[in-house]
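What the coordinates show
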Amino acid sequence: MTKNLKFADNVQGTIKRTSTHETGKLLSKINSLQGQLESCRNALEVEKNAKNKAYYFIISSGNFNRFAEFCKKHPATLDYHGACVAELYLQAVSNEK
């Protein structure tokens, strides 16, 4: 018997020995994980579209060369998310005055 057939027999034996309650719990967990995966896929799609929109703005507004220069001058290791939050905060505070 090949390894694949032995594995299939073991899986089938495990399934036969699994109670209905255990099977229900397992299916519930699988459904939950599938829902989480779908949520992650949706969030990734939203972020991808937002980034593509930003890229299009940079290119279509003629700012690609300015962006390329910016990239040369600023380190790749900077936390740009944190920098964006800080910049928005500073702009908001300065607008309140």
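Residues numbered from 1 in each chain as written. Predicted model: local features only at pLDDT ≥ 70, side-chain atom pairs only at ≥ 80, totals over all residues. Heavy atoms only, no water.

Now for the pattern of salt bridges. The final tally for this structure, using the stated rule, is 4 salt bridges. The closest approach of N and O atoms between glutamate 45 and lysine 48, which form a salt bridge, is 3.3 Å. One end of the pair, glutamate 45, and the other, lysine 48, are both in helix H2 (residues 20–60), 3 residues apart, so they sit about a helical turn from each other. Across the salt bridge formed by lysine 51 and glutamate 47, the nearest N and O atoms sit 3.3 Å from each other. Residue lysine 51 and its partner glutamate 47 are located together in helix H2, separated by 4 residues, close to a single helical turn. According to the relative accessible area criterion, lysine 51 is partly exposed, its value standing at 42%. (Salt bridge = Lys/Arg side-chain N within 4 Å of Asp/Glu carboxyl O. Helix = DSSP H or I, 4+ residues; strand = E, 2+ residues; numbered from the N terminus. Buried < 20%, exposed > 50% of the residue type's maximum accessible area, 1.4 Å probe, protein only.)

On average, residues of the protein chain score 86 in pLDDT, and 79% of them are at 70 or above. Averaged over each element, pLDDT in the protein chain is lowest for helix H1 (residues 3–17) (62) and highest for helix H3 (residues 64–73) (94). (pLDDT = per-residue confidence, 0-100.)

Two aromatic rings, taken as a pair, are described by how far apart their centres are and by the angle between their planes. Across all of its chains, the model carries 2 aromatic pairs by this definition. Geometrically, the ring pair formed by phenylalanine 67 and phenylalanine 70 is stacked, given 6.4 Å between the ring centres and 15° between the ring planes. With a gap of 3 residues between them, phenylalanine 67 and phenylalanine 70 both fall in helix H3, about one helical turn apart. Note on phenylalanine 70 and tyrosine 80: the rings are 6.5 Å apart at their centroids and 55° apart in plane angle, and the pair reads as tilted. In this pair, phenylalanine 70 sits in helix H3 while tyrosine 80 sits in helix H4 (residues 80–96), placing the two residues 10 residues apart along the sequence. Among the aromatic residues, those joined into a ring-pair cluster are Phe67, Phe70 and Tyr80. (Phe/Tyr/Trp six-rings, centres within 6.5 Å; stacked < 30°, edge-to-face > 60°.)

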